Every structure is written in C-alpha cells, then in structure tokens.
Amino acid sequence: KNEVEQSPQNLTAQEGEFITINCSYSVGISALHWLQQHPGGGIVSLFMLSSGKKKHGRLIATINIQEKHSSLHITASHPRDSAVYICAAFIYYGGSQGNLIFGKGTKLSVKP
Amino acid sequence: GAGVSQSPSNKVTEKGKDVELRCDPISGHTALYWYRQRLGQGLEFLIYFQGNSAPDKSGLPSDRFSAERTGESVSTLTIQRTQQEDSAVYLCASSLTRGNTEAFFGQGTRLTVV
C-alpha cells in the first residue's frame, strides 16, 4: 500500500466548476506539499502545509493532521488549470533521514 | 540563480555509455532530492541529501546509479552503463532544510537511452 494515496486518479470538469482533489497518508508527517505538473513535465510547488489552510488565488489547500488527510480545491476552474496535481508528504525516518513520498497524481482536465 | 537549475535539459546516449546529470540547488538549501519519472509513471525517489549527513540512498535502483554532493552545493547523479529502462526525466528538488519547508523543483533532465 502506498503511504500517500490520492483520489481521484482522473478528473474531468467543465469550466467554472469547483474542484476537489483528496490526499490521505498513512504515517506521521511533518509537512505536506501540493505540486502541479503541466504537460512537458515542469513541476511547480503550489503549497506547503503543516496545519490548517492556505489560499492562493483560486487555489485552497487544507490539511487535517488528526485524520491524516489533505484536500486541494480549485474554485471557478479554467482550462489552464488542466495539469497533474501531486500530493507529497515529507516523512521522517529518524535522525536527519527523511523523504518526500509522492502520491500517484490526479490528472485534471477542464473543458471550456 | 533564482531557482533550481538542472543540466543538461535533454540527453540522448547510447546504451552502455555513462552519463552525468547535474543539479544546482537554490543557494542556502541544505536538503536536495533526486527523483525520476518514467513515461506515464509517477515520481520515483532516488536519493536524498541533507547537509553533511549521510545521504539516504535507499531509492537508487541499482549499483549503476550513484550521486554525490559536496556540502550544500551542486549535486551530480551518475548512471553507469546506461540501459534503455533508464530512459526517464530525472528531477532534482531542494528545500531550505528538512521536509517542513517548501520544495523547489528543477525543470528536469530528459534522458533517452537508445
């Protein structure tokens, strides 16, 4: 079982719809990242969360540490939001050892 | 520079040759990660450097893969005797310290082994 699970794997929406992508993790983490990967491969960091909620433009990310769950919301979606959204959790293994563990990504397609 | 820089951006090599990929992290970032992404696949951890601590090499797929980093500077990922299954985009990321700060990604090196 992957330590970081994302859902849905694929999501098609109409322009203007409210979108939610979910991420759950099975181990204790120190931070959770939401990343965006466009066709062509470049990855951009959207948010880094360790608690609560963050907002940037039409994007909102929330995290519930007790429930080991995070969500990424996109309000008033637009075709340019079409991308793969990846959840990544930083997991400590002890001492200074740790790693970003990635979910498999959610491929979002927003139709005009 | 302002971001994480990787070079080359594209590399085509013949099977059996050695390749070296370079990552320049953001200045002052102590944590550096290497990942690869094969076509249509998710991101796969390779190696993690944290300051002067021993790196976490648990993700390296074989002994043909090695990586070096001196202090908090440039890192090189070396693949010896390349195989076709090594074809992938190799991504580097850095963060200010361990995981609870934002990770910044380079644009990747697209490696094609023919």
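Only a predicted model underlies this, so the values are computations on that prediction, with no experimental measurement involved. (Residues numbered from 1 in each chain as written. Chains lettered and ligands numbered in written order. Predicted model: local features only at pLDDT ≥ 70, side-chain atom pairs only at ≥ 80, totals over all residues. Heavy atoms only, no water.)

(A) Here's a closer look at the nonpolar core. Counting residues in hydrophobic clusters, the biggest one holds 25 residues, and the most contacted among them are Leu32, Trp34, Leu72 and Tyr85 of chain A. Contributions of two or more residues to this core are made by strand 3 (19-25), strand 4 (31-37), strand 5 (43-49), strand 7 (59-64), strand 8 (69-74), strand 9 (83-94) and strand 11 (106-111) of chain A. Here the element with the most residues in this core is strand 9 of chain A; it accounts for five residues. Excluding its chain neighbours within four sequence positions, the residues that come into contact with Leu32 of chain A are Cys23, Tyr25, Phe47, Met48, Leu49, Ile63, Ser70, Cys87, Ala88 and Ala89 of chain A. Core analysis: the next-biggest nonpolar cluster, separate from the first, contains 20 residues, Leu21, Leu32, Leu60 and Leu77 of chain B among them. (Core = buried A, V, L, I, M, F, W, Y, C linked by side-chain atoms within 4.5 Å. Buried < 20%, exposed > 50% of the residue type's maximum accessible area, 1.4 Å probe, protein only. Helix = DSSP H or I, 4+ residues; strand = E, 2+ residues; numbered from the N terminus. Contact = heavy atoms within 4.5 Å.)

(B) View of the pattern of salt bridges. Residue and element names in this part refer to chain B. Under the counting rule described, the total for this entry stands at four salt bridges over all chains. Of the charged contacts in the structure, one is a salt bridge between Arg36 and Glu44, with a shortest N-O distance of 2.9 Å. The exposure class assigned to Arg36 is buried, which follows from its relative accessible area of 2%. You can call Glu44 partly exposed: its relative accessible area is 27%. (Salt bridge = Lys/Arg side-chain N within 4 Å of Asp/Glu carboxyl O.)

(C) Examining the state of the cysteines more closely. Residues and elements named next belong to chain B. Summed over all chains, the structure comprises two disulfides over all chains. The disulfide partner of Cys23 is Cys92, and the S-S distance across this bridge is 1.8 Å. In this structure, the disulfide formed by Cys23 and Cys92 twists by about -65° around the S-S bond and is classed as left-handed. Of this pair, Cys23 sits in strand 3 (residues 19-24) while Cys92 sits in strand 8 (residues 88-95), placing them 69 residues apart in sequence. (Disulfide = S-S within 2.5 Å.)

(D) Representation of the pairing of strand 5 (residues 44-50) of chain B within the structure. All names here are of chain B. Counting buried positions over the seven residues of strand 5 gives six, a clear majority of the element. The sheet contact formed by strand 4 (residues 31-37) and strand 5 spans six bridges and is antiparallel. Paired with Ala31 across the two strands is Gln50, which belongs to strand 5. The hairpin formed by strand 4 and strand 5 contains six residues between the paired strands, and Gly40 there has a positive phi angle of roughly 75°. (Pairing = 2+ DSSP bridges.)

(E) Spatial organisation of the sheet that holds strand 1 (residues 5-7) of chain B. All names here are of chain B. If you trace the four strands from one edge of the open sheet to the other, you get 1-3-7-6, paired in antiparallel fashion. Taken across any chain shown, the strands that pair with only one partner, and hence form the sheet edges, are strand 1 and strand 6 (65-69). Within this sheet the neighbouring strands show an average axis-to-axis angle of 15°, counted without direction. Of the strand pairs in this sheet, strand 6 and strand 7 (residues 75-79) are connected by five bridges, and their pairing is antiparallel. When the sheet's bridge partners are listed, Phe65 is paired in strand 7 with Ile79. (Axes fitted to C-alpha atoms, helices over the stretch in contact; angles between N-to-C directions.)

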